[in-house]
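# Secondary and tertiary structure notes
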Amino acid sequence: MATWVATENFDSYAAGTSISGGAGGSGWGANWVLTTGTVKAETTPIEGTEQGCRALKGLNESHNASRTFTAIDDSVVHFQFYSDDATAANERDVGFEGAGTSRFQFRINQATGGRYYASDGTSYNTDLGAFTTNTWNTVDIKFGHVAGKFAISLNGGAYSADNNTTGGISQVDKVYFLSAQTPVGNFWIDDIAAATGAVCAGATFAPWQIDTF
């Protein structure tokens, strides 16, 4: 068994820097690769607990950024996302791939009001409900606990039922951030890791927040 070890909080990049060739974080096998579109490290729209100074932002166009690592299985990966768009059919994906083509995905904005979905990469497995726009949402994805399956938890809630992966994938070696469309809203991801990420070093908090870290 090999568990998730790669981390990336995007805070090491200057605001406005393209992710292409980016080598931030640790535990990766290669740098970020930008295949299409514009994807940049940008100052976050809101700083707070579990959130850093900068995040990866997909602009209003189709895009695909990816990064590889040593193959892992039976693990959990955590990340955050923020969207200011709940428009029907404006698809965004945070995906995981193994063996070149097999994959599973977290998809958002596929129904009016803002929905999020588990997808095996070719179809929607499960409508997992609504997310909140204009705030940071946390996502945990566990995979490999049952061969060829994955499940998703949003904002610390219960995990979904197990969903199929494309081709019964048992290992992953690549994460990607993409939209196949040209959405009208913005979308950020941050704090890719095995658990909750660090707070921005420059953030300020009320006294009641200090003991939450």
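Just above, that's the structure.
What counts and how
Residues numbered from 1 in each chain as written. Predicted model: local features only at pLDDT ≥ 70, side-chain atom pairs only at ≥ 80, totals over all residues. Heavy atoms only, no water. Helix = DSSP H or I, 4+ residues; strand = E, 2+ residues; numbered from the N terminus. Areas by Shrake-Rupley, 256 points an atom, 1.4 Å probe, with all protein chains shown as cover. Contact = heavy atoms within 4.5 Å. 1 Å grid on protein atoms, 1.4 Å probe; cavity = no way out; pocket = protein on both sides within 12 Å on 5 of 7 lines; lining within 4 Å. Points joined across faces, edges and corners; volume = space filled by probe spheres on them. Nonpolar A, V, L, I, M, F, W, Y, C, P; charged D, E, K, R; others polar. Phe/Tyr/Trp six-rings, centres within 6.5 Å; stacked < 30°, edge-to-face > 60°. Buried < 20%, exposed > 50% of the residue type's maximum accessible area, 1.4 Å probe, protein only. Salt bridge = Lys/Arg side-chain N within 4 Å of Asp/Glu carboxyl O.

### A closer look at the overall build of the protein chain
Regarding its fold elements, the protein chain presents 0 helices and 15 strands. Total accessible area computed for the protein chain in this model is approximately 8,700 Å², and 50% of it derives from carbon and sulfur atoms.

### Here we look at the environment of Q110
Here Q110 is to be found in the loop between β8 (102–108) and β9 (115–119). Residues Q110 and A89, 21 residues apart in the sequence, show an inter-C-alpha distance of 4.5 Å. The contacts of Q110, once residues within four sequence positions are left out, are A89, E91, R115, Y117 and Y124.

### Quick look at the layout of surface pockets
A volume near 150 Å³ is recorded for the largest pocket. At the level of elements, β5 (63–72), β7 (92–98), β8 and β14 (172–179) are the ones that each hand at least two residues to the lining of the largest pocket. In terms of residue class, the lining of the largest pocket is built from 3 nonpolar, 5 polar and 6 charged.

### Focus on the packing of aromatic side chains
Inspection of the entire model under this criterion finds 17 aromatic pairs. Note on Y82 and W188: the rings are 5.2 Å apart at their centroids and 85 degrees apart in plane angle, and the pair reads as edge-to-face. With Y82 in strand β6 (residues 75–83) and W188 in strand β15 (residues 187–193), this pair connects stretches of sequence that are 106 residues apart. Taking the relative accessible area as the measure of exposure, W188 reaches 6% and is therefore buried. One aromatic cluster is present, built from ring pairs that chain together W4, F10, Y13, W28, W32, F69, F96, F104, F143 and F150.

### With respect to the pattern of salt bridges
According to the stated counting rule, one finds 5 salt bridges in the structure shown. Across the pair R107 and E91 runs a salt bridge whose closest N-O atoms are separated by 3.6 Å. You can see R107 sitting in strand β8 and its partner E91 sitting in the loop between β6 and β7, a full 16 residues away along the chain. Residue class for E91 comes out buried when judged on its relative accessible area of 11%. R115 serves as the salt-bridge partner of D127, at 3.2 Å between the closest nitrogen and oxygen. Taken as a pair, D127 in strand β10 (residues 124–130) and R115 in strand β9 lie far apart in primary sequence, 12 residues in all. On the basis of relative accessible area, R115 is assigned to the partly exposed category, the value being 26%.

### Looking at unusual backbone geometry
Here the phi dihedral of F10 falls at roughly 65 degrees; this positive angle occurs in a residue that is not glycine. Along the chain, the position of F10 falls in the segment before β1 (17–18). Overall, F10 belongs to the buried group, its relative accessible area being 0%. The phi dihedral of N134 is positive, around 60 degrees, even though this residue is not glycine.

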